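# Observations on chain architecture
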Amino acid sequence: MPYLTPTAPGTASTGTRLGFGIPGYAHPLMAPVEWAELTRPGAPLHWVVLNVAGGPGARPDPHCLEASGRLRNRGVRVLGHLDLTLGARSFGEVVSDAHRYLDWYRVDGFSLDRCPTERAALPEVRRIITTLRALCEDAHIVLGHGTHPYPGYAETADQLVTFSGAWSDYRWSQVAEWTADYPPERFCHFVHGVPRGHLDEALRIARWQGAGTIYFTDRTDRGGAVDPWEAMPGYWDDIVSRVGTGVSE
């Protein structure tokens, strides 16, 4: 299998301590169980994305403020969702959304969804990140490419999402050679449609490919009709126990 053969020395890492990055559950009123579950002790959470309405919304939402506050009080990073639309959104629009997240929800950083991957877009993405770090001291920045971008992006952010997609693609995916130059905590993998019986295999792939932050779910996108990340996976307790205790390391 491709993922079992590292493309460069150092790519494989069976000792990686994994943790979860939550791409963004539905609104707390629509997914109260999911948000409540995140405040329970024991889950190795690296961060949780707050996506109010494709961004911060038009006005402060008290339900989102309460949900994010509970997480931050437990020491969990909450990241504001900023949609770059593959570079189509203007610098001003993105920064305006960031201001709202900081003013209304006191977020700890940002997840830049649909981030461009090509070299030509890197200067503008770097400009955005520089501004975000000036607005939010110690901001944690995650670039949501969903695939391996031009390597220069790895120097601009704290983490890159280098895979976001279906299990049918992930189980045969290959890691880019340049990722071997960075530690696992720099990379995130989001995979939907992972059957319960394949959790151990999925965890092995993440570790062999050098990803330190993951989110696996049995939910599917139904051919692009729904967001698979909005609801908690049916095996949440199972995967928490495996990752939290280091099973399959």
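Residues numbered from 1 in each chain as written. Predicted model: local features only at pLDDT ≥ 70, side-chain atom pairs only at ≥ 80, totals over all residues. Heavy atoms only, no water.

Turning to the environment of tyrosine 182, a few remarks are in order. Within the secondary structure layout, tyrosine 182 lies in the loop between α5 (167-170) and β7 (187-192). Using a relative accessible area of 19% as the deciding quantity, one classes tyrosine 182 as buried. Among all residues touching tyrosine 182, those that are not within four sequence positions of it are Pro151, Ala154, Glu155 and Phe187. (Helix = DSSP H or I, 4+ residues; strand = E, 2+ residues; numbered from the N terminus. Buried < 20%, exposed > 50% of the residue type's maximum accessible area, 1.4 Å probe, protein only. Contact = heavy atoms within 4.5 Å.)

Note that side chains of opposite charge can pair when their charged atoms are close. If you walk through the whole model with that rule in mind, you get 13 salt bridges. When the shortest N-O distance is used, the salt bridge between arginine 114 and aspartate 83 registers 2.6 Å. Here arginine 114 is found in the loop between β4 (109-113) and α4 (122-135), whereas its partner aspartate 83 is found in strand β3 (residues 77-83), with 31 residues between them in sequence. Taking the relative accessible area as the measure of exposure, arginine 114 reaches 40% and is therefore partly exposed. A salt bridge links aspartate 97 to arginine 100, with the nearest nitrogen and oxygen atoms 3.3 Å apart. (Salt bridge = Lys/Arg side-chain N within 4 Å of Asp/Glu carboxyl O.)

The full count for this structure, using the stated rule, is 14 aromatic pairs. When the centroid spacing of 5.1 Å and the interplanar angle of 40° are considered together, the rings of phenylalanine 20 and tryptophan 236 count as tilted. Of this pair, phenylalanine 20 sits in strand β1 (residues 19-22) while tryptophan 236 sits in helix α7 (residues 236-244), and the two are 216 residues apart along the sequence. Using a relative accessible area of 4% as the deciding quantity, one classes tryptophan 236 as buried. Three or more aromatic residues link up through ring pairs in this structure, and these residues are Tyr25, Trp35, Trp47, Phe190, Tyr215 and Trp229. (Phe/Tyr/Trp six-rings, centres within 6.5 Å; stacked < 30°, edge-to-face > 60°.)

Where helix α6 (residues 199-208) contacts α7, the two axes come as close as 11 Å, and the packing angle between them is 45°. It follows from the interaxial angle that α6 and α7 lie oblique. When you trace α6 past α7, the crossing you get is right-handed. Contact residues: α6 offers Leu199, Asp200 and Leu203, while α7 offers Asp238, Ile239, Arg242 and Val243. Across the contact of α6 with α7, the residue classes break down as four nonpolar, no polar and three charged. (Axes fitted to C-alpha atoms, helices over the stretch in contact; angles between N-to-C directions. Parallel < 35°, antiparallel > 145°, perpendicular 65-115°, else oblique. Left-handed = near helix turned anticlockwise from the far one by under 90°. Nonpolar A, V, L, I, M, F, W, Y, C, P; charged D, E, K, R; others polar.)

Looking at where glycine 54 falls in the secondary structure, it is placed in the loop between β2 (45-50) and α2 (62-73). Separated by 56 residues in sequence, glycine 54 and phenylalanine 110 place their C-alpha atoms 13 Å apart.

Okay, the pairing of β3 next. The side chains of a regular strand alternate between both faces of the sheet. Taking burial as the measure, the seven residues of β3 include six buried ones, the bulk of the element. Of the pairings in the sheet, the one linking β2 to β3 comprises four bridges and is parallel in character. Bridge pairing in β3 links valine 49 to leucine 79. As for the winding sense of the linkage, the β-α-β connection from β2 through α2 to β3 is right-handed. One ladder, built from five bridges, connects β3 with β4; its direction is parallel. (Pairing = 2+ DSSP bridges. Right-handed = clockwise from strand over helix to strand, strands pointing away.)

The end-to-end C-alpha distance of α4 is 20 Å, a good match for the 20 Å that 14 residues give at a rise of 1.5 Å each. Taken as a whole, α4 has its buried residues at Leu122, Val125, Ile128, Ile129 and Leu132. The buried residues of α4 occupy one face: seen down the axis, they fall within an arc of 125°. Every exposed residue of α4 that faces more than 90 degrees away from the buried side is listed here: Thr130 and Ala134. Where α4 is buried, its residues meet β3, α3 (91-105), β4 and β5 (140-144). (Expected span 1.5 Å × (residues − 1). Arc of directions from axis to C-beta.)

A word on unusual backbone geometry. The backbone phi angle of arginine 106 is positive, close to 50°, even though this residue is not glycine. On the secondary structure map, arginine 106 appears in the loop between α3 and β4. A positive phi angle is found at arginine 222, which is not glycine, with a value near 50°. With respect to the helices and strands, arginine 222 occurs in the loop between β8 (213-217) and α7.

Looking now at the confidence of the model for the protein chain. Predicted confidence across the protein chain gives a mean pLDDT of 91, with 92% of residues reaching 70 or more. Residue range residues 1-15 is modelled with pLDDT below 50. Its contacts to residues more than four positions away, or to other chains, number 36 contacts. (pLDDT = per-residue confidence, 0-100.)

Cysteine pairs can be covalently joined through their sulfur atoms, and such a bond is termed a disulfide. Scanning the model with the defined rule gives zero disulfides in all. Its sulfur unpaired, cysteine 64 is 18 Å from the next cysteine sulfur, which belongs to cysteine 136. Cysteine cysteine 136 is unpaired, with the sulfur of cysteine 188 as its nearest cysteine sulfur at 17 Å. (Disulfide = S-S within 2.5 Å.)

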